[in-house]
Amino acid sequence: MVVLPKDDYRHQGLRRQLVDVLRAKGIKDELVLTAIGNLPRHQFIDDTAFLELAYQDIAFPIPCGQTISQPYTVAFQTELLELRRGMKVLEVGTGSGYQTAVLLAMGAKVFSIERHKPLYLLTKARLASMGMRPNLYFGDGYRGLPREAPFDRIIVTCGAPFVPEDLLGQLKSGGILVIPVGEGEEQRMIRMVRRADGTNSSEDLGAFRFVPMLQDRVS
Ligand code: SAH
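Residues numbered from 1 in each chain as written. Predicted model: local features only at pLDDT ≥ 70, side-chain atom pairs only at ≥ 80, totals over all residues. Heavy atoms only, no water.

Caption draft 1: How the structure looks around the side chain of Asp-29. Structurally, the position occupied by Asp-29 is in the loop between α1 (9-24) and α2 (30-38). Of the side chains with opposite charge, Arg-191 comes closest to the buried, unpaired Asp-29, at an N-O distance of 9.2 Å. (Helix = DSSP H or I, 4+ residues; strand = E, 2+ residues; numbered from the N terminus. Buried < 20%, exposed > 50% of the residue type's maximum accessible area, 1.4 Å probe, protein only. Lys, Arg positive; Asp, Glu negative; His and termini not counted. Salt bridge = Lys/Arg side-chain N within 4 Å of Asp/Glu carboxyl O.)

Caption draft 2: Quick look at the pairing of strand β5 (residues 135-138). Direction of pairing for strand β4 (residues 109-114) relative to β5: parallel, over a ladder of four bridges. Following the sheet pairing, Phe-111 is matched in β5 by Asn-135. In this region the chain leaves β4, passes through helix α5 (residues 117-129) and returns to the parallel neighbour β5; the handedness of that crossover is right-handed. (Pairing = 2+ DSSP bridges. Right-handed = clockwise from strand over helix to strand, strands pointing away.)

Caption draft 3: Looking closely at the site of the ligand. Every one of the 26 residues lining the ligand counts as a neighbour, but Ser-96, Glu-114, His-116, Gly-141 and Leu-214 are closest to it. The separation between a nitrogen atom of the ligand and a polar side-chain atom of Asp-140 is 3.2 Å. Residue Leu-214 places a main-chain N or O atom 2.7 Å away from a nitrogen atom belonging to the ligand. The set of elements that each furnish at least two residues to the shell around the ligand consists of β2 (66-68), β3 (88-92) and β4. (Near = heavy atom within 4 Å. Polar contact = N/O pair within 3.5 Å; in protein donor to acceptor, adjacent residues only side chain to side chain.)

Caption draft 4: Molecular detail of the packing of α1 against α2. Viewed as axis vectors pointing N to C, α1 and α2 meet at an angle of 150°, and their least axial separation amounts to 8 Å. Taken together, the axes of α1 and α2 are roughly antiparallel relative to one another. By crossing handedness, the relation of α1 to α2 is classed as right-handed. Residues Arg-15, Leu-18, Val-19, Leu-22 and Arg-23 of α1 form the contact with α2, whose own contacting residues are Glu-30, Leu-33, Ile-36, Gly-37 and Asn-38. For the contact of α1 with α2, the class distribution of residues is five nonpolar, two polar and three charged. (Axes fitted to C-alpha atoms, helices over the stretch in contact; angles between N-to-C directions. Parallel < 35°, antiparallel > 145°, perpendicular 65-115°, else oblique. Left-handed = near helix turned anticlockwise from the far one by under 90°. Contact = heavy atoms within 4.5 Å. Nonpolar A, V, L, I, M, F, W, Y, C, P; charged D, E, K, R; others polar.)

Caption draft 5: Layout of the nonpolar core. Leu-22, Ile-27, Ile-36, Leu-83, Tyr-98, Val-102 and Leu-103 are the most contacted members of the largest nonpolar core, which totals 44 residues. Elements supplying a minimum of two residues to this core: α1, α2, β1 (60-62), α3 (71-81), α4 (98-105), α5 and β7 (171-181). Setting aside anything within four residues of it in sequence, one finds Val-102 in contact with Ala-35, Ile-36, Leu-39, Val-74 and Thr-78. Ranked by size, the runner-up nonpolar core spans 21 residues in total, among them Ile-113, Ile-154, Val-181 and Met-192. (Core = buried A, V, L, I, M, F, W, Y, C linked by side-chain atoms within 4.5 Å.)

Caption draft 6: Region of interest: the packing of aromatic side chains. By the definition in use, this model includes eight aromatic pairs. An angle of 35° between the planes, with centres 6.1 Å apart, marks the rings of Tyr-120 and Phe-138 as tilted. Taken together, the positions of Tyr-120 in helix α5 and Phe-138 in strand β5 put the pair 18 residues apart, joining distant regions of the chain. Counting every residue linked through ring pairs, the aromatic cluster contains Tyr-72, Phe-76 and Phe-208. Above the face of the Tyr-98 ring, Arg-41 is positioned so that its terminal group lies 5.7 Å from the ring centre. Sitting above the plane of the Phe-151 ring, Lys-88 keeps its charged end 5.7 Å from the centroid. (Phe/Tyr/Trp six-rings, centres within 6.5 Å; stacked < 30°, edge-to-face > 60°. Lys NZ or Arg CZ within 6 Å of the ring centre and 35° of its normal.)

It is worth stressing that arrangement in space is one thing and function is another; only the former is reported here.
Encoded structure:
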């Protein structure tokens, strides 16, 4: 079990302010805003030096040299998913588990893969301590999760050098993939929709920064 910092009225107030900031930045999906307004983001941050800043709209370091995404990025990607309750969602890059928790709070059936073993173990314990038990996997997100496919939605939360074919192939007809694509510092946020004939439409929704999607390395 992970010992979680307490969650009190002060944190709840800070969350309401964060939701106002996200609204002002253009997030409209009320289900996304409600999930973020309810989730104790400070309980996903291990470094106590950052606890006071947990409800600022910024990214933070988490173990294994990774980051918990900025709330705006989490909200933007989640909004693009057009999620409805009961949908089967694959997340690549569990990280802190915050995005995972947002998806769960919105009623999704979540499957999430993480490439760093210590992070996978820590996040599994953390989410269990918070009463959440998504299907977490230690492994390589490039391959997706063939055993559980197809998915209604797939979200990638690390910067991919290209769109992995395996992920596209694991989408249902009408399914949506949201993935930041690009090597180097900056990625383009791409949303792809799988058509009934197996082809995909693709939209570019702007520039973002993510830690890289790792290849050929398991630690
Ligand atoms: N959704 C996370 C974001 C974490 S950062 C959060 O809200 O905290 C991206 C994560 O993707 C990192 O934890 C990194 O280890 C993981 N990752 C990178 N390459 C991966 C791969 N090939 N398969 C699965 N996870 C990967």
